[in-house]
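A closer look at the structure
So the chains spell out like this:
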Amino acid sequence: MGMKAFISGCQGYSLTPDELQFFADECPWGLILFQRNCESKAQISDLVQAFRSAVGRSDAPVLIDQEGGRVQRLKPPVWRLYPSGSVYASLYERDFEAGLRCAWLGTRLIADDLYELGINVDCLPVLDVPVSGADPIIGDRAYGLEPEQIIRLAGAAIDGLRAGGVSPVIKHIPGHGRANVDSHLALPRVSTDRATLDERDFAPFRAFADEALAMTAHVVFEAIDPDAPATTSSRLVQDVMRQDIGFSGAIMSDDLSMKALSGTMVERTEAVFQAGCDLALHCNGDFRDMKDVAKASPHLDGVALERCSSATARLVRPEPLDRAAAEAEFDELLGRVV
């Protein structure tokens, strides 16, 4: 049986018999972990291995949101606390070389944490460009307020992850920085004109159009498609993400269980693929929802399979790292921001 075009969550620290059978039968492309799945290093390694054994692929993608700051699934005391994107931005604005080095070190250390556990994909960097008055859901997660600064810091972050053998996911294409509400709770609508969106919001994504993986924004852009969020809009996926931005990698939805989307879980999943996304992402670990997402997800084939296979093929073994020296340099640079 071939891979199916979805990424699933799971409920706890280990896979239940039902989850193991589900993963073996449905063979999702990947698994995503949350804090509810992360207790200790040995436990996470066992969970990752159990998933890969169930789907029969030793390189099956295992994803996590480990940005730092407010979005960090692996937490102290087992793992160190990493800063949010705004901290790197503050250092960059004082000394751009120090800011770039610090961003690289931060993600290189994160990658070291993840690789040890078998996690090979991090949903980072955030390429969104925040604006005054927007909902704070992006806020301090961003690398600044200007596209060029975001591009440079995000590039350093991507390089750090890749040096540690972890694949990045750029998010939230084509931009979440203007959202007027939290898309976890409601559907944001953006009324900004197309020219401004092209110049500012879409610019960071255009700079990384050759990356392997991107995650969509559950945001309505009224100037382009007033009727559907980017995740389920063919105009946004095909015309903007693929054509205007030129993104060539695999596009995954943001979490289907977020309240920005409407309809049943089957309807949401079908809408993602009708719009042209390659992968449906479902995170909440609800077993009934998981079955509905699997039911509505196609087997990966054609260009979608090529994109997803290319993302997996780009994973390489990490470069050597002197962890103690890297942490010392990282902490020294962070100390300049305080």
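Whatever comes next refers back to the structure up there.
Anyway, here's the lowdown on the structure attached to this text. (Residues numbered from 1 in each chain as written. Predicted model: local features only at pLDDT ≥ 70, side-chain atom pairs only at ≥ 80, totals over all residues. Heavy atoms only, no water.)

Here's the deal with the packing of aromatic side chains
Enumeration according to the criterion identifies 8 aromatic pairs in this entry. On the basis of an interplanar angle of 70° and a centroid distance of 5.7 Å, the ring pair of Phe22 and Phe287 is categorised as edge-to-face. Of this pair, Phe22 sits in helix H1 (residues 17-26) while Phe287 is found in helix H10 (residues 287-296), placing the two residues 265 residues apart along the sequence. You can call Phe287 partly exposed: its relative accessible area is 26%. On the basis of an interplanar angle of 90° and a centroid distance of 5.1 Å, the ring pair of Phe23 and Phe51 is categorised as edge-to-face. Remark: Phe51 occurs in helix H2 (residues 41-55) and Phe23 occurs in helix H1; sequence separation between them is 28 residues. An identical accessibility class is assigned to Phe23 and Phe51; each is buried. (Phe/Tyr/Trp six-rings, centres within 6.5 Å; stacked < 30°, edge-to-face > 60°. Helix = DSSP H or I, 4+ residues; strand = E, 2+ residues; numbered from the N terminus. Buried < 20%, exposed > 50% of the residue type's maximum accessible area, 1.4 Å probe, protein only.)

Brief notes about the side chain of His282
With respect to the helices and strands, the residue His282 is situated in strand S13 (residues 279-282). With relative accessibility at 0%, the residue His282 sits in the buried group. In contact with His282, other than residues within four places in its own chain, are Ile7, Ser8, Gly9, Ile32, Asp255, Leu256, Ser257, Met265, Asp289, Met290 and Val293. (Contact = heavy atoms within 4.5 Å.)

Brief notes about the side chain of Ser233
Looking at the secondary structure, you find Ser233 in the loop between strand S11 (220-221) and helix H8 (234-244). Under the relative-accessibility criterion, Ser233 is labelled buried at 1%.

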